[in-house]
Amino acid sequence: MKLLFCPQCQDVRKLRKLIVTRCQCGAVAGFYKGDGLHAVVSTEAMVVGLDNRSLARAYMQTSGFLRDVGIVPVDDEGDLRLEAWAISLDSPRIERREEVELTRADYNLSAAEGG
Ligand SMILES: [Zn+2]
């Protein structure tokens, strides 16, 4: 999943499909387009990718569903490590806009590309 990070208020929010999500201070916003893969975010936003599988595995292990199976890396204090990364500014899946508002073209990416 993609997370929106605001450098001003340090808020982190999950991007949602076709729903504009704003940080606590309102400086950054974003949403997934209709295809669920491409996203639109504010020009100043940082986008963080969080590996869904590592999150699910860590959840299963911390909730007791799986125990001590060694599938999630653990640090020196016994905390489980999650995989996350900062998405590149020129990622083809992220469009940056000054004003983040849904447009008709955002609902259906293939229709937008088709003209
Ligand atoms: Zn903010």
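All of the points below concern the structure found in this document. It should be emphasised that the depicted structure is a prediction, and the values quoted were computed from it without experimental measurement. (Residues numbered from 1 in each chain as written. Predicted model: local features only at pLDDT ≥ 70, side-chain atom pairs only at ≥ 80, totals over all residues.)

### Describing the sheet that holds strand E6 (residues 46–50)
Overall, antiparallel pairing links the four strands, which are arranged E2-E1-E6-E7 in an open sheet. A strand with exactly one partner marks an edge of an open sheet, and here the two such strands are strand E2 (12–14) and strand E7 (84–86). Across the sheet, the mean angle from the axis of one strand to that of its neighbour is 30 degrees, orientation sign disregarded. (Pairing = 2+ DSSP bridges. Helix = DSSP H or I, 4+ residues; strand = E, 2+ residues; numbered from the N terminus. Axes fitted to C-alpha atoms, helices over the stretch in contact; angles between N-to-C directions.)

### Some points on the environment of Val20
Looking at the secondary structure, you find Val20 in the loop between E2 and strand E3 (21–22). When the 13 C-beta atoms within 10 Å are taken as the criterion, Val20 is described as partly exposed. (Buried ≥ 20, exposed ≤ 12 C-beta atoms within 10 Å, placed from the backbone.)

### Observations regarding the sheet that holds strand E8 (residues 94–97)
Strand pairing in a sheet relies on backbone hydrogen bonds, with the paired strands running either antiparallel or parallel. The four strands lie next to each other as E3-E4-E5-E8, forming an open sheet whose pairing is mixed. Two strands in the sheet have a free side with no partner beyond their single neighbour: E3 and E8.

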